[in-house]
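Spelled out, the chains give:
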Amino acid sequence: MINIVIQKFGGTSVSSVESRNKIVEKVKNKKNEGKNPVVVVSAMGRKGQPYATDTLIDLIKDCKHTSSRDLDLLMSCGEIISSVVLATQLKDQGLDAIPLTGGQAGIITDNYFGSATILKVDTHVLENLIKEGKIPVVAGFQGRNEKGDITTLGRGGSDVTASILGEALQADSVEIYTDVDGIMTADPRLVPNAKVLSSIEYNEVFQLAEYGAKVIHPRAVEISMRANIPIYIKNTYNDSPGTLITNYNKLSVKKSIKNSIITGIAHILNVAQVTVQIKNNKTHFDPLFFTEIANKNISIDLINLFPNEKVFIIQHENIAILEDLLKQKNYDYKIIDHCAKVTIIGNRMRGIPGIMARIVSALSREGIEILQTADSHTTISCLIREEDVEIAVRVLHEEFHLG
Ligand code: ADP
Ligand code: ASP
Ligand code: MG
């Protein structure tokens, strides 16, 4: 199949008749360019709006008999509703669209409800539809397991649907349409003068996403990188050029990119720092402690282990379960809740001295306490209190001249 372009539209883009009319324009233009668009949609709107994923979860969150299978079935409805509504609107405007669930589009996953992995994509249904000149409108964020049960791919998973279909159909490109003009140097909700990046390498945007920039799912970046398919991040509401995500070799603005050491800043909210103290041989540290945490399905991050102290962070919602475990073990511990992890990212910071010094000076000038740090060759993360996050991201953005 040739000339296939995946066009994915996020929650706000599909949320009203007006915004869906913008989508109709984008799809029509693609078709007029001689391309074969395959559309992927998210559930409509954000928390509080009737068919948003969080609203659907709330419907049964206080019930006793929720199972992960049933929750997936419920959550998948949000995207299915969007696909039918958008396809109908496309048809009303003269486009031959057809809505499909992820399973109907051939996305086969494992049984890991809530966070399923895609095992394969059976493309024959989509290929036949495209051959007939139809425009498939696929419900994102979902697939089906071998038994036929509907599974979901993890929050933000419609981006993953877009990239996996791009790979399976050997698309020319994947276009992710959202409510901002592209990948920016920081979340514009925190930093009003954040700048749109005209292009960025796969691995840098992967890091931004992995460290909290919600604009694209990190798994979607990985899939398109492995398939070597360019991703464009664009705004549904205007015609600005957006951001091209590709290989370093294909970037057209290498020179200006080389000049900036830092590419962007990301942040994650809602985490808690846990310090377990193992003092004076009073308690023996159980080497299976971390296995037990993993068995409870709690993921830990920013991990620093010292002989007398074990420090790490967890998601706020896991505090109660972890505290039970700490009490069972009779450990002395301290938890600082309501923290945020702020990370600066840049492939060109490798081996350049003084970056940590600038971070520490900038944050301390604002009286922001750093609770913990971690770094790699291309990232430096600081754990701070959540109330400081907005100022922290802004001052670091200024310090590294990203605006
Ligand atoms: P969609 O529903 O379209 O998938 P998301 O809410 O998942 O949209 O992602 C878009 C949002 O990501 C933006 O509104 C923006 O606030 C946020 N965001 C966070 N970091 C960045 C960044 N570095 N660049 C652009 N947007 C970002
Ligand atoms: N609707 C899903 C979510 O809110 C998937 C997505 O939007 O990509 O996580
Ligand atoms: Mg998203």
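Residues numbered from 1 in each chain as written. Chains lettered and ligands numbered in written order. Predicted model: local features only at pLDDT ≥ 70, side-chain atom pairs only at ≥ 80, totals over all residues. Heavy atoms only, no water.

### Brief notes about the site of ligand 1
(1) Moving on: Neighbouring ligand 1 are 17 residues; Arg46, Thr178, Asp179, Asp187 and Arg189 lie closest to it.
(2) Moving on: Residue methionine 184 places a main-chain N or O atom 2.9 Å away from a nitrogen atom belonging to ligand 1.
(3) Moving on: Within the side chain of aspartate 187, an N or O atom sits 2.8 Å from an oxygen atom of ligand 1.
(4) Moving on: When ligand 1 is considered free in solution it has 580 Å² of accessible area, and contact with the protein chains removes 92% of it.
(5) Moving on: When its residues are assigned to classes, the shell around ligand 1 shows seven nonpolar, four polar and six charged. (Near = heavy atom within 4 Å. Polar contact = N/O pair within 3.5 Å; in protein donor to acceptor, adjacent residues only side chain to side chain. Areas by Shrake-Rupley, 256 points an atom, 1.4 Å probe, with all protein chains shown as cover. Nonpolar A, V, L, I, M, F, W, Y, C, P; charged D, E, K, R; others polar.)

### Things to note about the nonpolar core
(1) Moving on: In terms of nonpolar packing, the biggest core is built from 41 residues, with Ile6, Leu165, Ile183, Ile216 and Ile245 touching the most fellow members.
(2) Moving on: Contacts of isoleucine 245, omitting those with residues within four sequence positions, involve Ile183, Ile200, Glu201, Tyr202, Val205, Ile216, Pro230, Ile231 and Ile233.
(3) Moving on: In this structure, Met184, Ile265, Ile380 and Val395 belong to the second largest nonpolar core, which totals 26 residues. (Core = buried A, V, L, I, M, F, W, Y, C linked by side-chain atoms within 4.5 Å. Buried < 20%, exposed > 50% of the residue type's maximum accessible area, 1.4 Å probe, protein only. Contact = heavy atoms within 4.5 Å.)

### Thoughts on the packing of aromatic side chains
(1) Moving on: A full pass over the atoms with the stated rule returns eight aromatic pairs.
(2) Moving on: Taken together, the ring pairs connect Phe285, Phe289, Phe290, Phe312 and Tyr331 into an aromatic cluster.
(3) Moving on: When the ring centre of phenylalanine 285 is taken as reference, the NZ or CZ atom of lysine 310 above it lies at 4.7 Å. (Phe/Tyr/Trp six-rings, centres within 6.5 Å; stacked < 30°, edge-to-face > 60°. Lys NZ or Arg CZ within 6 Å of the ring centre and 35° of its normal.)

### Digging into the sheet that holds strand 1 (residues 4-9)
(1) Moving on: The strand order across the open sheet formed by eight strands is 3-6-2-1-9-11-12-10, and the pairing between neighbours is mixed. Because the sheet does not close on itself, it has two edges, and the strands there are strand 3 (97-100) and strand 10 (199-201). Each adjacent strand pair in this sheet contributes to an overall mean axis angle of 20 degrees, direction not counted.
(2) Moving on: Running over the sheet, helix 6 (residues 202-210) touches strand 10 and strand 12 (243-246) and is turned about 85 degrees from strand 10. (Pairing = 2+ DSSP bridges. Helix = DSSP H or I, 4+ residues; strand = E, 2+ residues; numbered from the N terminus. Axes fitted to C-alpha atoms, helices over the stretch in contact; angles between N-to-C directions.)

### Some thoughts on the UniProt feature "binding site: ATP" (unreviewed entry) in the protein
(1) Moving on: According to UniProt, the feature "binding site: ATP" (unreviewed entry) maps to Lys8, Phe9, Gly10, Gly11, Thr178, Asp179, Arg189, Lys214 and Val215 in the numbering used here.
(2) Moving on: Here threonine 178 is to be found in strand 9 (residues 173-178).
(3) Moving on: Leave out the neighbours within four places in its chain, and threonine 178 touches Ser13, Val215, Ile233, Lys234, Asn235, Thr236 and Tyr237.
(4) Moving on: Engagement of the side chain of threonine 178 in a polar contact is seen with the side chain of aspartate 179, the distance being 3.2 Å.
(5) Moving on: Looking at the element boundaries, aspartate 179 is found in the loop between strand 9 and strand 10. (UniProt positions renumbered as here; feature names shortened; annotations may be inferred.)

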